[in-house]
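Residues per chain are reported as follows:
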Amino acid sequence: MTPSVNLTRYLVEKERGQGAITAQLRLLIEVVARACKRISLAVNKGALGDVLGAAGSDNVQGEAQKKLDLIANDVLLEANEWGGHLAAMASEEMDTVFPVSERYPRGEYLLLFDPLDGSSNIDVDVTIGTIFSVLQLPENAGEVREEHFLQAGARQVAAGYCVYGPQTQLVLTVGQGVAVFTLDREQGSFVLTQNNVQIPPSTSEFSINMSNLRHWAPPVKRYIDECLQGKDGPRGRDFNMRWVGSMVADVHRILMRGGVFLYPWDQREPNKPGKLRLLYEANPMSFLVEQAGGAATNGKQRILDITPTSLHERCSVILGSREEVELLQRYHAESA
Ligand code: P6P
């Protein structure tokens, strides 16, 4: 029987073979994976542990925090601060950047994360996940400041998520394709279950919150309307719709079977480019999607080319099967 490849062996071979990653980056990814195992255990406790419900506080986005948001955030901070692989961290749940304590050696990487994405699904037992992104600390940075995190997504050296669903799966890229690891709870390790994930270039499945229809810009309304016309309309085929309300779950489905995910700009708050956060939601997901042969745009430009201006800035997100994303880009260009 072929010995199964676990995350550690996968990373050692990436480091040894193609020199794709450094020893520090290998340690970083293993530490994040271990933290995700602990988060998965807390998530799975549900009502049996003191983990459900509101934390009684709001995050920098003004959103009510769930207890598990804060538990997941603390697990990631504690797991990552002593290893000597990081200079600092940033999180959806923290207003400012979190430099590694001077008690520990400072590493060359910056870690950004949404510790628990899809929090509104926690109390109703629907799939949620942890999203992470890795950047390099700029040369001669000196004291780590927010500006060091404001790098275009194309500069990420690694990105991934852990999805807490029927299985717990870690999905990872270090810039050489996308790999999927499934948590073997008996061994306590992530086992490689899919390598070189490829998103089908075409799809008949879109993912959007339809309740916002009246607020969308014309190109998005046009695209969705044509999907809804089905085989009698210009697309010549019927479409299906899925919306979990948890980006990790929707993006994972798209990586596994194709589809197009949209959380576009809408007129409710015209000055806000979108709901999702660029640095620790859109960028890592866009890196993964592109590495799997898909595409990711804000309607006007490639998401990974956007130069951030603030840590928690938001952006419009359209990503997934390449042909659909390119059609939406064309509709935006024609509308402009
Ligand atoms: P809505 C979760 O809060 C999240 O940030 C994403 O995970 C998800 O795709 C989106 O918001 C859901 O937003 O407006 O449909 O509740």
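Residues numbered from 1 in each chain as written. Predicted model: local features only at pLDDT ≥ 70, side-chain atom pairs only at ≥ 80, totals over all residues. Heavy atoms only, no water.

(A) Highlighting the site of the ligand. Among the 13 residues in the neighbourhood of the ligand, the closest are listed as Asp117, Asn209, Trp243, Met247 and Tyr263. The side chain of tyrosine 263 places a nitrogen or oxygen atom 2.7 Å from an oxygen atom of the ligand. Here the ligand loses 80% of its free accessible area of 400 Å² to cover by the protein chains. Among the secondary structure elements, those contributing two or more residues to the shell around the ligand are strand 13 (260-263) and strand 14 (276-277). (Near = heavy atom within 4 Å. Polar contact = N/O pair within 3.5 Å; in protein donor to acceptor, adjacent residues only side chain to side chain. Areas by Shrake-Rupley, 256 points an atom, 1.4 Å probe, with all protein chains shown as cover. Helix = DSSP H or I, 4+ residues; strand = E, 2+ residues; numbered from the N terminus.)

(B) Fine view of helix 6 (residues 278-291). Buried residues dominate helix 6, accounting for 12 of its 14 residues. Turning to helix 6, its buried residues number three or more, namely Leu278, Leu279, Tyr280, Glu281, Ala282, Asn283, Pro284, Met285, Ser286, Phe287, Leu288 and Val289. Taken from the residues just after helix 6, glycine 293 is the one with a positive phi, measuring 90°. (Buried < 20%, exposed > 50% of the residue type's maximum accessible area, 1.4 Å probe, protein only.)

(C) Quick peek at the packing of helix 5 (residues 247-257) against helix 6. Direction vectors running N to C along helix 5 and helix 6 enclose 10°, while the axes themselves pass 11 Å from each other. Relative to helix 6, the element helix 5 lies roughly parallel. Here Met247, Val248, Val251 and Leu255 of helix 5 come into contact with helix 6, specifically with Glu281, Met285, Leu288 and Val289. Residues of the contact of helix 5 with helix 6, tallied by class, amount to 7 nonpolar, no polar and 1 charged. (Axes fitted to C-alpha atoms, helices over the stretch in contact; angles between N-to-C directions. Parallel < 35°, antiparallel > 145°, perpendicular 65-115°, else oblique. Contact = heavy atoms within 4.5 Å. Nonpolar A, V, L, I, M, F, W, Y, C, P; charged D, E, K, R; others polar.)

(D) Structural context of the packing of aromatic side chains. Per the stated rule, a full pass over the model turns up 3 aromatic pairs. Geometrically, the ring pair formed by tyrosine 10 and phenylalanine 181 is edge-to-face, given 5.0 Å between the ring centres and 80° between the ring planes. Taken together, the residues span a long stretch of sequence, with tyrosine 10 in helix 1 (residues 7-18) and phenylalanine 181 in strand 9 (residues 178-184) at a distance of 171 residues. Overall, the relative accessible area of 7% leaves tyrosine 10 in the buried class. A centroid spacing of 5.3 Å and a plane angle of 20° characterise the contact between tryptophan 243 and phenylalanine 261, whose relative ring orientation is stacked. Highlighted residues: tryptophan 243 in the loop between strand 12 (240-241) and helix 5 and phenylalanine 261 in strand 13, separated in sequence by 18 residues. (Phe/Tyr/Trp six-rings, centres within 6.5 Å; stacked < 30°, edge-to-face > 60°.)

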